[in-house]
Amino acid sequence: MARMVFAGTIGLAVSLAIGAPLAAQSSTTQQPPPTTTPVPKPFPNAINTTPKPADPNAKPIDPQLPTSVNIPGNPPVYPAAEFLREFDAGRNQKYYLFGTNAPFAEIVEYYKGTLKNGGRELSRAPGMQQFDLGRFDADTMAYPPSVVVQDHTWNGSEGYLFVRGTAAKRYRTIIQIVPAR
């Protein structure tokens, strides 16, 4: 029994002898937080952000996009819709984006009546309905010729944000038209 007490005492002494300096060392190696914030330096080969002087021969760029467009094939455009932008879809196709603050259901009903078909529901939430305008040829087209109506007020959204120059406007419903060639 004396041996067990002696062995236990030695084990305690060894652990104290090793642990105490480690505990003291870890508390003394902590450094206080810096008193000043380090200043970031640019990376090597960083882009120079210093503005260049204006070119006296440069012509001003007009930030305004056209507000109307001639779409090949004259597909129907909702009368109160505003032209937003034209996009290159690839494969010699373009698509056109329009915005309106008319409710999604009203725009869908307009296209059902105008195109004489019910279209097809692409998504229920958020609402998205597609109306075909012609046959799709996967070899020559990027997108099927169609009108796609999108609800941008779903789930409490304020609408699709469109920015032109310094003016911004929100639209409840977006109409995307890919004309048939």
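None of the values given here were measured: they were computed from a predicted structure.

Engineer: Talk me through the overall build of the protein chain; I want residue IDs and the actual numbers.
Structural biologist: Across its full length, the protein chain carries two helices and eight strands. Listing every helix and strand of the protein chain by position from the N terminus yields α-β-β-α-β-β-β-β-β-β. A fraction of 55% describes how many contacts in the protein chain between residues 6 or more apart in sequence connect residues 24 or more apart. With an accessible surface of roughly 13400 Å², the protein chain has 58% of that area assigned to carbon and sulfur atoms.

Engineer: Explain the pairing of strand β3 (residues 120-123) to me, and be specific about the residues and the numbers.
Structural biologist: When β3 meets strand β4 (residues 128-132), the two strands line up antiparallel, connected through three bridges. Residue Ser 123 lies in a different strand from β4, and its bridge partner there is Met 128. The turn linking β3 back onto β4 is made up of four residues.

Engineer: Any details on the packing of aromatic side chains? Residues and values, ideally.
Structural biologist: Enumeration over the complete set of coordinates arrives at six aromatic pairs. A ring pair is formed by Tyr 110 and Tyr 111, whose centres lie 5.0 Å apart and whose planes are at 85°; its orientation type is edge-to-face. By relative accessible area, which is 23% here, Tyr 110 ends up partly exposed. A relative accessible area of 0% places Tyr 111 in the buried class. Among the aromatic residues, those joined into a ring-pair cluster are Tyr 78, Tyr 110, Tyr 111 and Phe 131.

Engineer: Go over the confidence of the model for the protein chain, please, and point to the residues and values.
Structural biologist: Residues shown with low pLDDT carry predicted positions that ought not to be read at fine detail. Mean pLDDT over the protein chain: 79, with 63% of residues reaching 70 or higher. Taken as a whole, residues 1-17 scores under 50 in pLDDT and shows two contacts with residues more than four places along the chain or in a different chain. Confidence drops under a pLDDT of 50 for residues 57-63, and excluding neighbours within four residues, the segment shows two contacts in the predicted structure.

Engineer: Break down the pattern of salt bridges for me, with residues and values.
Structural biologist: Under the defined criterion, the tally for this structure stands at six salt bridges. Its salt-bridge partner being Lys 169, residue Glu 82 comes within 2.7 Å of it at the nearest N-O pair. One end of the pair, Glu 82, is in strand β1 (residues 82-90); the other, Lys 169, is in strand β7 (residues 167-171), and 87 residues separate them in sequence.

Engineer: Summarise the nonpolar core; cite the residues concerned and give the values.
Structural biologist: Within soluble globular proteins, side chains that are nonpolar generally end up buried alongside one another. By size, the foremost hydrophobic cluster in this structure holds 16 residues, and its most contacted members are Phe 98, Tyr 111, Val 149 and Ile 175. Counting residues per element, the ones that place at least two in this core are β2 (93-100), α2 (104-115), β5 (146-151) and β8 (173-178). Of the residues forming this core, the biggest block, four residues, is contributed by α2. Phe 98 has contacts with Val 69, Ile 71, Val 77, Ala 81, Glu 82, Phe 83, Leu 84, Thr 173, Ile 174, Ile 175 and Ile 177, leaving out every residue within four places of it along the chain.

Engineer: Any details on unusual backbone geometry? Residues and values, ideally.
Structural biologist: The omega torsion of the bond from Ala 125 to Pro 126 falls at 0°, within 30 degrees of zero and hence cis. Here Pro 126 shows up in the loop between β3 and β4. Although it is not a glycine, Lys 116 sits at a positive phi angle of roughly 60°. Mapping Lys 116 onto the fold places it in the loop between α2 and β3.

Rules behind the numbers
- Throughout, residues of each chain are indexed from 1 in the direction in which the sequence is written.
- It should be noted that, the model being predicted, local features are given only for residues of pLDDT at least 70 and side-chain atom pairs only at 80 or more, the latter also being counted only at that level, while totals for whole chains, interfaces and linings use all residues.
- Each side-chain value is worked out from all heavy atoms of the structure, with water and hydrogens disregarded.
- Each helix corresponds to a stretch of at least 4 residues labelled H or I by DSSP, and each strand to a stretch of at least 2 residues labelled E; elements are numbered beginning at the N terminus.
- Contacts between residues were defined by any pair of non-hydrogen atoms, one from each residue, lying within 4.5 Å.
- Where accessible areas are quoted, they stem from the Shrake-Rupley method and a 1.4 Å probe; at the residue level, only the protein chains shown are allowed to cover.
- At least two DSSP bridges between two strands are needed for those strands to be called paired.
- Only Phe, Tyr and Trp rings take part, Trp by its six-membered ring, and two of them pair if their centres are within 6.5 Å. Stacked means planes under 30 degrees apart, edge-to-face means over 60, and tilted covers everything else.
- Only protein chains enter the area calculation, which uses a 1.4 Å probe; residues under 20% of their type maximum are buried, those over 50% are exposed, and those in between are partly exposed.
- Note on scores: pLDDT gives the predictor's confidence for each residue, bounded by 0 and 100.
- Any carboxyl oxygen of Asp or Glu within 4 Å of a side-chain nitrogen of Lys or Arg constitutes a salt bridge here.
- As used in this record, nonpolar core signifies buried Ala, Val, Leu, Ile, Met, Phe, Trp, Tyr and Cys residues forming a set joined through side-chain atoms within 4.5 Å.

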